[in-house]
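Analysis of the macromolecular model
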Amino acid sequence: MFFHAHPDDEALLTAGTMAMLAAQGHRVVLVVATSGERGQADLAPGEALGEARIAELYKSAAALGCARVVNLGYGDSGLAPGGGIAEDRPPDAFIDADCEEAARRLAGILAEEEADLLTVYDPAGGYGHPDHVQVNRVGGRAAEIAGTPVVLEATVNRDPLLRGLKLVRRFYPQLDIRAFERAYSPGEEITHRVNVRRFARQKRASMAAHATQATGADTRTLGVMLKVPGPLYRLIFGTEWYVQRGLPPGTRLRHPFEVPPKG
Ligand SMILES: [Zn+2]
């Protein structure tokens, strides 16, 4: 089960792993906390945008081979200008949800699916979006309640990300990469490096499905990423990264279900 905050997060962080597991015969379930109705888009934020983004999520899930999509239906907390929690967030914002109650709901789905694996985010929520921080808390607690054996924090290895973004910036000088300098996880914390190059086509289709997030202002991350030519794309997006807490430093696993060596 892949737990994400908003439609399109799965495309950026875990799409290759999802396509790989589905191709290997696993039942892959995608859960989002919100419909992302406060995301940037040409459509005005609100109900219509939320509906459009959920439709895009189903398209992305189909491209990746997901068996089921669930929207927990919390309000998108949005991101304050300059980062942090927005003051004008909706009353049902995911960041304000009772962690225990939200975790029990997610645990119910984990139990129903007899899930072997749950992905959440790193405690900093990647680039710091409040809903992403909440995914870490709620997801971690849900896995405890349901007894889910493996919890992986979907993250990005910051080291090659910064190298890649600096390369992209040569072609798109307006791309602001400062926010990425402390985001996600340094390479030494990563326990899982999953090679998803063979699933680049599905991952690209997943990104392309999120049209509201990829069009319009061309400084938008997803829009910039879709313009990256194929071979470079496979190089930059050919690996997905996870942190499994409690494993010894220096652990290097290649598959979500690889059993860590003892000792
Ligand atoms: Zn998000």
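Residues numbered from 1 in each chain as written. Predicted model: local features only at pLDDT ≥ 70, side-chain atom pairs only at ≥ 80, totals over all residues. Heavy atoms only, no water.

In the nomenclature of an unreviewed UniProt entry, the protein corresponds to GlcNAc-PI de-N-acetylase from the organism Planobispora takensis.

Counting secondary structure elements, the protein contains ten helices and seven strands. A compact globule built from 263 residues should have a C-alpha radius of gyration of about 18 Å, and the protein, at 17 Å, falls within 12% of that. Considering only C-alpha atoms, the protein reaches an extent of 45 × 40 × 30 Å along its principal axes. The buried share of the protein, taken over its 263 residues, is 54%. When contacts within the protein are restricted to residue pairs at least 6 apart in sequence, long-range pairs at least 24 apart make up 77% of them. (Helix = DSSP H or I, 4+ residues; strand = E, 2+ residues; numbered from the N terminus. Rg over C-alpha atoms; globule rule 2.2 N^0.38 Å. Buried < 20%, exposed > 50% of the residue type's maximum accessible area, 1.4 Å probe, protein only. Contact = heavy atoms within 4.5 Å.)

Let's shift gears to the coordination of the zinc ion. Within the protein, the zinc ion binds to His6 (ND1), Asp9 (OD), Asp9 (OD) and His132 (NE2); these donor distances fall in the range 2.1 to 2.4 Å. Classification of the site at the zinc ion as irregular follows from its four donor atoms and the range of 56 to 144 degrees in their angles at the metal. Sequence spacing of the donor residues for the zinc ion, all on one chain, is H-x2-D-x122-H. We classify His6 as buried; its relative accessible area is 5%. We classify Asp9 as buried; its relative accessible area is 5%. (Donors = N, O, S within 2.8 Å, 3.2 Å for Na, K, Ca; no water. Tetrahedral: all angles 85-135°; square planar, octahedral: opposite > 155°, others 65-115°.)

For strand β4 (residues 117-121), the buried fraction is high: five of the five residues fall into the buried class. Burial along β4 is two-sided: the residues Leu117, Thr119 and Tyr121 and Leu118 and Val120 are all buried. Here β4 pairs with strand β5 (residues 150-155) via five bridges, running parallel. Opposite Thr119, over in β5, you have Leu152 as the bridge partner. Handedness of the crossover is the feature at issue here: the chain leaves β4, passes through helix α5 (residues 130-146), returns alongside β5, and the resulting connection is right-handed. (Pairing = 2+ DSSP bridges. Right-handed = clockwise from strand over helix to strand, strands pointing away.)

For the rest of this paragraph, the subject is helix α4 (residues 99-113). Residue pairs three or four apart in sequence face the same way in an α-helix, which turns once every 3.6 residues. Relative to the 21 Å expected for 15 residues at 1.5 Å per residue, α4 spans 21 Å between its end C-alpha atoms, a close match to the ideal helical length. Among all positions of α4, only Ala102, Ala103, Leu106, Ala107, Ile109, Leu110 and Glu113 are buried. Looking down the long axis of α4, one finds its buried residues gathered within 160 degrees of arc, a one-sided arrangement. Contact partners of the buried residues in α4: β1 (2-4), β2 (29-34), β3 (68-74), β4 and α5. (Expected span 1.5 Å × (residues − 1). Arc of directions from axis to C-beta.)

What follows concerns the packing of aromatic side chains. In this description, a pair of aromatic rings is defined by centroid distance and the angle of the planes. Here the structure, examined in full by the defined rule, presents two aromatic pairs. Ring plane angle 85 degrees and centroid distance 6.5 Å describe the contact between Phe3 and Phe94, whose orientation is recorded as edge-to-face. In this pair, Phe3 is assigned in strand β1 and Phe94 in the loop between β3 and α4, connecting sequence segments 91 residues apart. Side by side, Phe3 and Phe94 carry an identical accessibility label, which is buried. Between Tyr74 and Phe94, the ring centres sit 5.1 Å apart and the planes meet at 40 degrees, which makes this aromatic pair tilted. On the criterion of sequence distance, the pair formed by Tyr74 in strand β3 and Phe94 in the loop between β3 and α4 is long-range, its members being 20 residues apart. Among the aromatic residues, ring-to-ring pairing joins Phe3, Tyr74 and Phe94 into one connected group. (Phe/Tyr/Trp six-rings, centres within 6.5 Å; stacked < 30°, edge-to-face > 60°.)

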